[in-house]
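Understanding the architecture of this molecule
Now for the letters of each chain:
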Amino acid sequence: TLDGNSNVCANADEIYAAPSNFGADNLWTVTGGTIIGPQNTRIIHVTWGAAGLGSIKLIQNITSTGYADNVLENVKINAIPPKPTVTETDGILSSSVRDGNQWYYNGAKIMAAVSQTYNAQQTTGYYSVQVTDSNGCTSAMSDIYKFVSGVEDNTNPDFDVNIFPNPSDGAM
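The text that follows walks through the structure, step by step, so that each part is easy to find.

Conventions and cut-offs
- Residues numbered from 1 in each chain as written.
- Predicted model: local features only at pLDDT ≥ 70, side-chain atom pairs only at ≥ 80, totals over all residues.
- Heavy atoms only, no water.
- Helix = DSSP H or I, 4+ residues; strand = E, 2+ residues; numbered from the N terminus.
- Buried < 20%, exposed > 50% of the residue type's maximum accessible area, 1.4 Å probe, protein only.
- Contact = heavy atoms within 4.5 Å.
- Areas by Shrake-Rupley, 256 points an atom, 1.4 Å probe, with all protein chains shown as cover.
- Phe/Tyr/Trp six-rings, centres within 6.5 Å; stacked < 30°, edge-to-face > 60°.
- Polar contact = N/O pair within 3.5 Å; in protein donor to acceptor, adjacent residues only side chain to side chain.
- Salt bridge = Lys/Arg side-chain N within 4 Å of Asp/Glu carboxyl O.
- Pairing = 2+ DSSP bridges.
- Axes fitted to C-alpha atoms, helices over the stretch in contact; angles between N-to-C directions.

When helices and strands are tallied, the protein shows zero helices and 14 strands. Listing every helix and strand of the protein by position from the N terminus yields β-β-β-β-β-β-β-β-β-β-β-β-β-β. Counting the 172 residues in the protein, one finds 31% classified as buried. A fraction of 52% describes how many contacts in the protein between residues 6 or more apart in sequence connect residues 24 or more apart. Taken as a whole, the protein presents about 10,900 Å² of accessible surface, with 52% of it coming from carbon and sulfur.

Now for the packing of aromatic side chains. When we look at a pair of aromatic rings, we describe it by the centre distance and by the angle of the planes. In the structure shown here, the tally under the stated rule is five aromatic pairs. With 6.1 Å between their ring centres and 85 degrees between their planes, Tyr16 and Trp48 make a pair best called edge-to-face. Linking Tyr16 in strand 2 (residues 13–17) with Trp48 in strand 5 (residues 43–48), this pair joins segments that are 32 residues apart in sequence. The same class applies to Tyr16 and to Trp48, which are both buried.

Below, the discussion takes up the environment of Asp69. Following the sequence through the fold, Asp69 ends up in strand 7 (residues 67–78). For Asp69, a relative accessible area of 35% corresponds to the partly exposed category. The spatial distance from the C-alpha of Asp69 to the C-alpha of Leu58 is 8.2 Å, given a sequence separation of 11 residues. Non-local contacts of Asp69, meaning those with residues more than four positions away in its chain, are made with Leu58, Ile59 and Gln60. At 3.4 Å, the side chain of Asp69 and the side chain of Tyr67 are in polar contact.

A few words now on the pattern of salt bridges. Evaluation of the coordinates by the stated rule reveals two salt bridges. A salt bridge links Lys83 to Asp143; its shortest N-O distance comes to 2.7 Å. In this pair, Lys83 sits in the loop between strand 7 and strand 8 (86–89) while Asp143 sits in the loop between strand 13 (125–131) and strand 14 (145–147), placing the two residues 60 residues apart along the sequence. Lys83 gets classed as partly exposed once you look at its relative accessible area, which sits at 43%. Between Arg98 and Asp99 there is a salt bridge, and its shortest N-O distance comes to 3.1 Å.

One non-glycine residue, Asn11, adopts positive backbone phi at about 65 degrees. Examined against the element boundaries, Asn11 turns out to sit in the loop between strand 1 (7–9) and strand 2. One non-glycine residue, Ala112, lies in positive phi territory at about 65 degrees. Here Ala112 lies in the loop between strand 11 (108–109) and strand 12 (117–119).

Bringing the sheet that holds strand 5 into the picture now. As summarised here, the arrangement of the three strands in space is 2-5-4, forming an open sheet in which the pairing is antiparallel. The open sheet is flanked by strand 2 and strand 4 (33–36), the only strands paired with a single partner. Going from strand to strand, the sheet's axes swing by 35 degrees on average, the running direction of each strand aside. Note that strand 2 and strand 5 share five bridges and pair antiparallel. What sits directly across from Glu14, in strand 5, is Val46.

On their own, these measurements won't tell you what the molecule is for.
This is how it looks when you write it as structure tokens:
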């Protein structure tokens, strides 16, 4: 058998290794993907293509002993989940995908935030979500959603607001 995954994600990079037969000549072929680099080494790098079925084949020969063998393994190439979208209602952010969500705040993963909804907890910032399905395939990151919780304390003196004239005659 070959060392490598037979259940992969579309467009994923995977490494495969031949059994260690000292002195063997190796020849790899792939359907549904592309071998990156030489096809005659013990270890190869494959970039899989679109979702569907693929295969990987290894032919090994040892001329001095007459040893010859070939191995063919089918590979299931799984689709990438769709890119999720984020919506918001009353401070609750929702992903368009039901399962496999991971929420991010200002680009950093929010630990344990893995449900379809996330309560932004009155925290202004930039939120996004990414989905990993049951095959381990990961979607593109959602577009960033800017959540504004409302008026917040201003701690930056460069952005003070001053109202003039003070006192006022009522018109500003």
